[in-house]
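Results of the structural survey
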Amino acid sequence: MDQPTIDTISQQEFEEAIEQYIGWAAEWDGALPADVFFGIWADFQRQESPVELHARIVEGHLQLVSTPGSPVRVQDNRIWLEDGRELVIQLEPA
């Protein structure tokens, strides 16, 4: 069953939902459960840390390798970012 949206509920249902939210917010002491707090903290830490890749040239071709637990996927000269974008690194002769 689909969740009701603001367009599909009556004015009374909307007002009741707002009253429920206000009641809940008035009782909330502002504390976050530990798992939520540390999960958010870990996300921020992961965003601030550099992503390490190892590269080597084998028979004239670039080979990239990511470290275990890396947020990116790599294969040969291609890097796939978390948001789905793909980077392709081309070597040029010196």
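It should be emphasised that the depicted structure is a prediction, and the values quoted were computed from it without experimental measurement. (Residues numbered from 1 in each chain as written. Predicted model: local features only at pLDDT ≥ 70, side-chain atom pairs only at ≥ 80, totals over all residues. Heavy atoms only, no water.)

Next up on the list: the pattern of salt bridges. Summed over all chains, the structure comprises two salt bridges. Between Arg78 and Glu86 there is a salt bridge, with its nearest N and O atoms 2.5 Å apart. For Glu86, a relative accessible area of 37% gives the class partly exposed. We note a salt bridge from Asp83 to Arg85, for which the minimum N-O separation is 2.8 Å. In this pair, the class of Asp83 matches that of Arg85, namely exposed. (Salt bridge = Lys/Arg side-chain N within 4 Å of Asp/Glu carboxyl O. Buried < 20%, exposed > 50% of the residue type's maximum accessible area, 1.4 Å probe, protein only.)

The next thing to look at is unusual backbone geometry. The residue Glu59 is not glycine, and still its phi comes out positive at about 50 degrees. Relative to the helices and strands, Glu59 resides in the loop between strand S1 (53-58) and strand S2 (61-66). (Helix = DSSP H or I, 4+ residues; strand = E, 2+ residues; numbered from the N terminus.)

Attention now goes to the sheet that holds strand S5 (residues 86-88). Strand order across the open sheet formed by three strands is S3-S4-S5, with antiparallel pairing between neighbours. Either end of the sheet is taken by a strand with one partner, and the two such strands are strand S3 (73-75) and S5. Pairs of neighbouring strands in the sheet enclose a mean axial angle of 15 degrees, with direction left out of account. Note that strand S4 (residues 78-80) and S5 share three bridges and pair antiparallel. Its bridge partner being in S5, Arg78 is matched across the sheet by Val88. (Pairing = 2+ DSSP bridges. Axes fitted to C-alpha atoms, helices over the stretch in contact; angles between N-to-C directions.)

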